[in-house]
Amino acid sequence: IESGKKVVIVTLAKPDGQFQQFIDQFPADLDVIDSKSQNINWGNYDAIFIPGGDPQLLFEGLKSIGFSLKQLKDSVFLLGDSAGAFILSTYFYDGPTGDDLGKKVEFYKGFNPKAKLITVAHTNNPVYANAILIKKVKDFAHKKGLDILMLEENQEKQIQT
C-alpha cells in the first residue's frame, strides 16, 4: 500500500464490521469489499486478501458482485485464508463443526477450475478438521481427480495456477 499498490480486503465471509480491528492495522488506503459494495473493478487491484469465515456466504457474496479470476491482473497477488482458500480452489466443502464435524459434508464448485484442487484448512485443529472429514474430502478428491491442499493452523503455502 505504501509503495502505491492498490490493495483490497474482502470481508464477505463474516458480517460487516467483524474484521474492523484487523483492517485498522493497515494504512487508510486499504479498500474494503463488504456487503454494501457494488460495481467492483477487480482489475484495479495489485493484491486481494480474502480472509476466512463462512465459505458459502463468501462464495455467494463474491459471485453476486461479479468476482472472477479472469477479471484480475495477471500480476495480482491473491491471498486466501481459510474460507478464502476454500473458494479459490476448484471445489470447496461446507458442513457443521463440533460433534457433527465430518458427518455431513457438501461439496461446491469454487472459483478456480484450472487448479484441480480442493483445500482443507486447520487440519491440526479438531474444531475444524477430523479423520471423518478428511476421509470424505480425500474420497471426493479422488473421484474428481483433484489434488488436496492440506493447511495446518497459520500455515502458508503458495500455489501457481
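Above: the structure in question.
Remember, predicted model here, so these are calculated numbers, not experimental data.

### A few points about the pairing of strand β8 (residues 147-150)
Then, in step 1: The pairing of strand β7 (residues 117-120) with β8 spans four bridges and is classified as parallel. Note that in β8 the partner of Leu 117 across the bridge is Asp 147.
Then, in step 2: This β-α-β element, β7 to helix α4 (residues 131-144) to β8, shows right-handed connectivity.

### Some details on the nonpolar core
Then, in step 1: The biggest cluster of nonpolar side chains holds 37 residues, and the ones touching the most others in it are Val 10, Trp 42, Ile 48, Leu 58 and Leu 62.
Then, in step 2: When contributions to this core are tallied by element, the ones reaching two or more residues are β1 (7-10), β3 (47-50), α2 (55-64), α3 (83-87), β5 (91-94), β7 and α4.
Then, in step 3: When residues of this core are assigned to their parent elements, the largest contribution, five residues, is made by α4.
Then, in step 4: Setting aside residues no more than four positions away along its own chain, Leu 58 makes contact with Val 10, Leu 12, Ala 13, Ile 50, Pro 51, Ala 83, Gly 84 and Ile 87.

### Concerning α4
Then, in step 1: If you check α4, its first and last C-alpha atoms are 20 Å apart, about what 14 residues at 1.5 Å a residue would give, namely 20 Å.
Then, in step 2: A distance of 3.2 Å separates the backbone nitrogen of Ile 132 from a side-chain oxygen at the start of α4, and that oxygen is part of Asn 130.
Then, in step 3: Immediately beyond the C-terminal end of α4, within one or two residues, lies Gly 145, with a positive phi of roughly 70°.

### Comments concerning the packing of aromatic side chains
Given two aromatic rings, one states the distance between the centres and the angle between the planes to describe the pair.
Then, in step 1: The tally for this structure, following the rule as stated, stands at 10 aromatic pairs.
Then, in step 2: A ring pair is formed by Trp 42 and Phe 67, whose centres lie 4.9 Å apart and whose planes are at 85°; its orientation type is edge-to-face. Residue Trp 42 is found in the loop between β2 (31-33) and β3, and its partner Phe 67 is found in the loop between α2 and β4 (77-80); the two are separated by 25 residues along the sequence.
Then, in step 3: We classify Trp 42 as buried; its relative accessible area is 1%.
Then, in step 4: With 3.9 Å between their ring centres and 0° between their planes, Phe 107 and Phe 140 make a pair best called stacked. Highlighted residues: Phe 107 in strand β6 (residues 106-109) and Phe 140 in helix α4, separated in sequence by 33 residues.
Then, in step 5: Judged by relative accessible area, Phe 140 falls into the buried class, the value being 11%.
Then, in step 6: Taken together, the aromatic side chains of Trp 42, Phe 59, Phe 67, Phe 92, Tyr 108 and Phe 111 make up a single cluster linked through ring pairs.

The rules we used
Residues numbered from 1 in each chain as written. Predicted model: local features only at pLDDT ≥ 70, side-chain atom pairs only at ≥ 80, totals over all residues. Heavy atoms only, no water. Pairing = 2+ DSSP bridges. Helix = DSSP H or I, 4+ residues; strand = E, 2+ residues; numbered from the N terminus. Right-handed = clockwise from strand over helix to strand, strands pointing away. Core = buried A, V, L, I, M, F, W, Y, C linked by side-chain atoms within 4.5 Å. Buried < 20%, exposed > 50% of the residue type's maximum accessible area, 1.4 Å probe, protein only. Contact = heavy atoms within 4.5 Å. Expected span 1.5 Å × (residues − 1). Polar contact = N/O pair within 3.5 Å; in protein donor to acceptor, adjacent residues only side chain to side chain. Phe/Tyr/Trp six-rings, centres within 6.5 Å; stacked < 30°, edge-to-face > 60°.

The quantities given are spatial measurements derived from coordinates; they are silent on function.
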